[in-house]
Amino acid sequence: MTPEELAAVGLRLDLDGAVATITLDRPEVRNAQTPAMWLALGELGASLPDEVRVVVVTGEGDTFSAGLDRAMLDPANAGPGTVLELLSLGDEEASSRIDGFQGGFTWLRDPRFVSIAKVRGHAVGAGFQLALSCDLRVVADDAKFCMKESALGLVPDLTGTKPLVEHVGYARALEICATARTVGAEEAVRIGLATASCAPADLDAAVADLAAALCAPMPGVVTETKTLLQGAADRDLDEQRRLEREAQVRRFRAVAAAFA
């Protein structure tokens, strides 16, 4: 997508060597999200250069994302491609449409790179789920996560439920979702939701240092490691051992080739 096409849906892409930074760029509405933004995120993920090894997702200004743009719930905005359009569709078609929206989130799990959510301020609803879609979350001390959907009579449907359970466990995930309460930065780190927190002024440097560390190993190492870890909890030991062996053989050959 061109910079102009991205800007039209409130996104910005910056490439710096092996690091791609995707910014939600609608600060006037606290980086609220729209279906058009979700579809564009999916396209953007599919078109990143092969040399990208780290993807940083952040929000412009002092808020990561306030979630779904409430204007999308206004009957005046019920046209094609909107949230309210779902009400005019049959169940199967509506589910298919949501599947397309989810594509803006699922690509961040791609083993080709490590994704980092850099979170300042509020990450609400779709904002929380976008942060959860990333492999790692580094947050400012003022970060506040909230799964607001239940307060609106809805459920989280942008791929956030699985990683939330994986990070904090079923009981705490249920409590966070069902009560729609706010989780602050200190608690987020303590319960495993965030990797680290720091002063807002130090957040950019902390994420830059992490991105540099992730880019330091030989190409392919982090990809193989991420692939091994994804789904490891659902595999038995013999299957995991097999995958480790196969990955290590590939790494030995890659290292040998590099020094040949």
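Structure first, text after, so check above.
My aim in this report is to walk through the structure given alongside it, one point at a time. What you see is a predicted model; the values in this text were computed from it and never measured.

The rules we used
Residues numbered from 1 in each chain as written. Predicted model: local features only at pLDDT ≥ 70, side-chain atom pairs only at ≥ 80, totals over all residues. Heavy atoms only, no water. Pairing = 2+ DSSP bridges. Helix = DSSP H or I, 4+ residues; strand = E, 2+ residues; numbered from the N terminus. Axes fitted to C-alpha atoms, helices over the stretch in contact; angles between N-to-C directions. Contact = heavy atoms within 4.5 Å. Salt bridge = Lys/Arg side-chain N within 4 Å of Asp/Glu carboxyl O. Buried < 20%, exposed > 50% of the residue type's maximum accessible area, 1.4 Å probe, protein only. Phe/Tyr/Trp six-rings, centres within 6.5 Å; stacked < 30°, edge-to-face > 60°. Core = buried A, V, L, I, M, F, W, Y, C linked by side-chain atoms within 4.5 Å.

## Observations regarding the sheet that holds strand β8 (residues 182–184)
So, point 1. Pairing is mixed in the open sheet, where three strands are placed in the order β5-β7-β8. Only two strands of the sheet have a single partner each, and these edge strands are β5 (122–124) and β8. This sheet shows a mean twist of 20° between the axes of neighbouring strands, independent of strand direction.
So, point 2. Pairing geometry for β5 and strand β7 (residues 144–146), over three bridges, is parallel. Opposite valine 124, over in β7, you have cysteine 146 as the bridge partner.
So, point 3. Along the sheet, helix α4 (residues 126–133) contacts β5 and β7; its crossing angle with β5, the most-contacted strand, is approximately 95°.

## Structural notes on the pattern of salt bridges
When the charged atoms of two side chains lie near each other, side chains of opposite charge can form a pair.
So, point 1. One pass over the structure, following the stated rule, counts 18 salt bridges.
So, point 2. The shortest N-O distance in the salt bridge between arginine 112 and aspartate 110 comes to 3.2 Å.
So, point 3. Of the residues examined, aspartate 110 reaches a relative accessible area of 25% and is grouped as partly exposed.
So, point 4. Among the ionic pairs, glutamate 239 bridges to arginine 242, the shortest N-O distance being 2.6 Å. With glutamate 239 and arginine 242 both in helix α10 (residues 237–259), this residue pair falls three residues apart, about one helical turn.
So, point 5. Overall, the relative accessible area of 30% leaves glutamate 239 in the partly exposed class.
So, point 6. For arginine 242, a relative accessible area of 29% corresponds to the partly exposed category.
So, point 7. It is possible to trace a salt-bridge network through shared partners that takes in Arg12, Asp14, Asp25 and Glu60.

## Structural notes on the sheet that holds strand β6 (residues 136–140)
So, point 1. Here we have six strands laid out as an open sheet, ordered β1-β2-β3-β4-β6-β9, and mixed in their pairing. What marks the edges here is a single partner per strand, and that holds for β1 (11–16) and β9 (196–198). Averaged over all adjacent pairs, the angle separating strand axes in this sheet is 20°, with direction ignored.
So, point 2. Packing against the sheet, α4 makes contact with β2 (19–24), β3 (54–59), β4 (114–119) and β6, and its axis sits at approximately 145° to β4.

## Remarks on the packing of aromatic side chains
So, point 1. Inspection of every chain in the model, using the stated rule, returns four aromatic pairs.
So, point 2. Where phenylalanine 128 meets phenylalanine 145, the ring centres are 5.1 Å apart and the plane angle is 40°; that geometry is what we call tilted. Of the two residues, phenylalanine 128 sits in helix α4 while phenylalanine 145 sits in strand β7, which places them 17 residues apart along the sequence. Take phenylalanine 128 and phenylalanine 145: they sit in the same class, and that class is buried.
So, point 3. Here the aromatic cluster, defined as three or more aromatic residues joined through ring pairs, consists of Trp38, Phe101 and Phe105.

## Some details on unusual backbone geometry
So, point 1. The backbone phi angle of arginine 30 is positive, close to 55°, even though this residue is not glycine.
So, point 2. Checked against the element boundaries, arginine 30 lands in the loop between β2 and α2 (35–46).
So, point 3. Judged by its relative accessible area of 44%, arginine 30 is partly exposed.
So, point 4. Residue threonine 159 is not a glycine yet carries a positive backbone phi of 75°.
So, point 5. Considering the arrangement of structural elements, one finds threonine 159 in the loop between β7 and α5 (161–168).
So, point 6. We classify threonine 159 as buried; its relative accessible area is 17%.

## As for the nonpolar core
So, point 1. One finds Leu11, Val55, Val119, Phe145, Leu164 and Leu193 to be the most contacted residues of the largest nonpolar core, which totals 46 residues.
So, point 2. Look past the residues within four positions of leucine 11 in its chain and what remains in contact with it is Leu6, Ile22, Thr23, Leu24, Asp25, Met37, Ala40 and Leu41.
So, point 3. Grouped together as the second largest cluster of nonpolar side chains are 13 residues, Val54, Val114, Ile116 and Val138 included.

## Remarks on the side chain of serine 115
So, point 1. Structurally, serine 115 is set in strand β4.
So, point 2. Contacts of serine 115, omitting those with residues within four sequence positions, involve Val55, Leu108, Ser133, Cys134, Asp135 and Leu136.

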